[in-house]
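# Architecture at a glance
Residue strings, one per chain:
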Amino acid sequence: MIAEIVAVGTELLMGQVLNTDAQFIARRLSEAGITLHRQIVVGDNPERIRQAVRDAIARADIVITTGGLGPTADDITKQACAQALGLAMERRPEAEAMVRAWFAKNGREMTENNLRQADFAKGARILPNANGTAPACIVEKDGKAVVNLPGPPNELTGIFDSSVMPYLAERSGAVIVSRYLRIFGMGESSVASRLQDLMETCENPSVAPYCSTGEVQLRLTARCKTREEADALLDPLEREIRARLGNVIYAVTQDSQFHMEHALVCALRQSGKTLSTAESCTGGMISSRIVNVTGASDVFLQGFVTYANEAKVRALGVREETLAAYGAVSRETALEMAEGARRAAGTDFAVSVTGVAGPGGGTPEKPVGLVWLGLASQAGAWAKALHLTGSRERIRTLAALHAMHWALEACREENAGE
């Protein structure tokens with residue numbers, strides 16, 4: 001199936017609001033095995049919306065619109081789509097009940113204009129909105145489908161996962177199973193060169209890469225009648241990829257939003273171990289990413305952001321003599337930071353980061369991009385240097401990833417040895 005996204009909103013067109021809805025939908029469509037050919041943005045103009053939808057319907061099997069379902073005069077997406085399809089609008093009692101129930105539940109007075117949210121193209125399938133006043137809908141005509149979704153991301157994502165994804169599976173008549181392989185320690189070009197034939201020739205199951213700073217994700221997708229059949233296709237493909245790439249795959253999940261911090265928290269929880277962090281140039285980035293993971297409080301006890309040398313001495317017990325002799329960006333300081341964090345927090349593991357993130361501050365001996373990591377556990381303490389390149393943000397992000405990956409490997413190695 002072919003899909004297109006039509007995002008409605010002058011605020012999107014003018015760049016005042018980032019279009020995260022389209023990003024989310026594109027990712028979900030990919031997971032469902034549906035090909036997305038175009039994304040366009042139009043302002044709150046009825047004729048432009050109608051034309052955009054007409055053009056999209058002519059090319060695609062499914063058109064998904066975002067925005068313009070609210071109660072105000074510029075919320076005209078449903079009406080414009082109905083006109084593009086040649087359908088009349090009608091007040092739907094079940095949708096009106098949904099709108100009234102939302103206001104009653106939240107103890108708010110409902111003005112009359114809110115009932116516009118209960119008007120839909122004739123024959124539309126109503127999709128409930130658990131997080132807002134505007135129900136969504138699916139309109140089918142001549143074998144094509146138009147899905148109207150609200151603009152607020154917290155409303156759109158809930159409706160898409162609960163109602164639209166099942167509809168897409170129903171429409172395709174197949175079970176679509178995706179498996180995500182998370183890779184760290186091998187660049188995009190190396191991954192592509194080793195898997196080029198699989199990416200070019202495999203159709204069912206398929207292999208598709210996605211790259212972000214420091215990481216590569218492979219999505220393996222199979223379309224079958226049953227999940228068991230899909231897994232039977234995916235298992236040998238995964239084994240082949242592992243044989244070609246080696247041990248750079250740090251996680252395999254069914255969640256495209258599973259990242260390094262999720263793998264680290266999972267490993268710590270499974271082993272019953274705890275972690276603390278000591279950060280300088282990353283400024284709390286590691287601890288921030290870890291605490292975004294549900295259940296992190298079970299394993300992450302404390303994070304220290306010791307940007308100044310005085311803070312390293314006061315909070316972590318780094319010796320002034322060490323800083324004077326070797327400097328803040330050094331093997332010795334990284335070791336003492338990790339040991340100090342583990343001692344102060346009482347954890348099984350601690351990682352530390354200290355480096356020159358730039359763009360200034362580098363010297364010939366310690367250039368921008370030099371980062372020292374420290375790792376401490378009951379078995380001892382170790383340090384290693386990274387030589388990173390790019391912007392300040394890229395260096396900090398890569399340093400945080402390397403630190404979390406080192407802690408992940410240490411936790412898994414200790415588990416294997418027990």
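Residues numbered from 1 in each chain as written. Predicted model: local features only at pLDDT ≥ 70, side-chain atom pairs only at ≥ 80, totals over all residues. Heavy atoms only, no water.

### Points about the pattern of salt bridges
- For the structure shown, the criterion picks out 25 salt bridges.
- Measuring nitrogen to oxygen at the nearest pair gives 2.9 Å for the salt bridge that ties E96 to R100. With E96 and R100 both in helix α5 (residues 93–105) and 4 residues apart, this pair spans about one turn of that helix.
- Where salt bridges share partners, they join R179, R227, D231, D235, E238 and R242 into one cluster. (Salt bridge = Lys/Arg side-chain N within 4 Å of Asp/Glu carboxyl O. Helix = DSSP H or I, 4+ residues; strand = E, 2+ residues; numbered from the N terminus.)

### Observations regarding unusual backbone geometry
- With an omega dihedral of 10°, the bond running from N204 to P205 counts as a cis peptide bond.
- Examined against the element boundaries, P205 turns out to sit in the loop between α7 (188–201) and β10 (206–212).
- In the segment running from G358 into P359, the intervening peptide bond is cis, with an omega of 5°.
- By the secondary structure assignment, P359 is in the loop between β15 (349–355) and β16 (370–377).
- Even without being glycine, D142 reaches a positive phi, approximately 55°.
- Among the residues examined, D142 registers a relative accessible area of 72% and is labelled exposed. (Buried < 20%, exposed > 50% of the residue type's maximum accessible area, 1.4 Å probe, protein only.)

### Topic: the packing of helix α2 (residues 20–31) against helix α6 (residues 153–172)
- Where α2 meets α6, the axes come as close as 11 Å, and the angle between the chain directions of the two elements is 20°. Here α6 runs roughly parallel to α2, going by the angle between their axes. Relative to α6, the crossing made by α2 is right-handed. Note on element contacts: α6 touches α2 through P153, L156, T157, F160, D161, M165 and L168, opposite T20, D21, F24, I25, R28 and L29.
- Of the residues belonging to the contact of α2 with α6, the class tally is 8 nonpolar, 2 polar and 3 charged. (Axes fitted to C-alpha atoms, helices over the stretch in contact; angles between N-to-C directions. Parallel < 35°, antiparallel > 145°, perpendicular 65-115°, else oblique. Left-handed = near helix turned anticlockwise from the far one by under 90°. Contact = heavy atoms within 4.5 Å. Nonpolar A, V, L, I, M, F, W, Y, C, P; charged D, E, K, R; others polar.)

### A word on the environment of Y180
- Considering the arrangement of structural elements, one finds Y180 in strand β9 (residues 175–184).
- For the pair Y180 and V252, spaced 72 residues apart in the sequence, the C-alpha separation amounts to 5.5 Å.
- Look past the residues within four positions of Y180 in its chain and what remains in contact with it is E31, Q217, L218, R219, A251, V252, T253, Q254, D255 and S256.

### Looking at the sheet that holds strand β14 (residues 300–305)
- Read from one edge to the other, the open sheet built from 5 strands follows the order β14-β13-β15-β16-β17, with strand pairing classed as mixed. Single-partner strands in this sheet number two, and they are β14 and β17 (380–387). Averaged over all neighbouring strand pairs, the angle between strand axes comes to 15°, with direction disregarded.
- Of the strand pairs in this sheet, strand β13 (residues 275–279) and β14 are connected by 5 bridges, and their pairing is parallel. (Pairing = 2+ DSSP bridges.)

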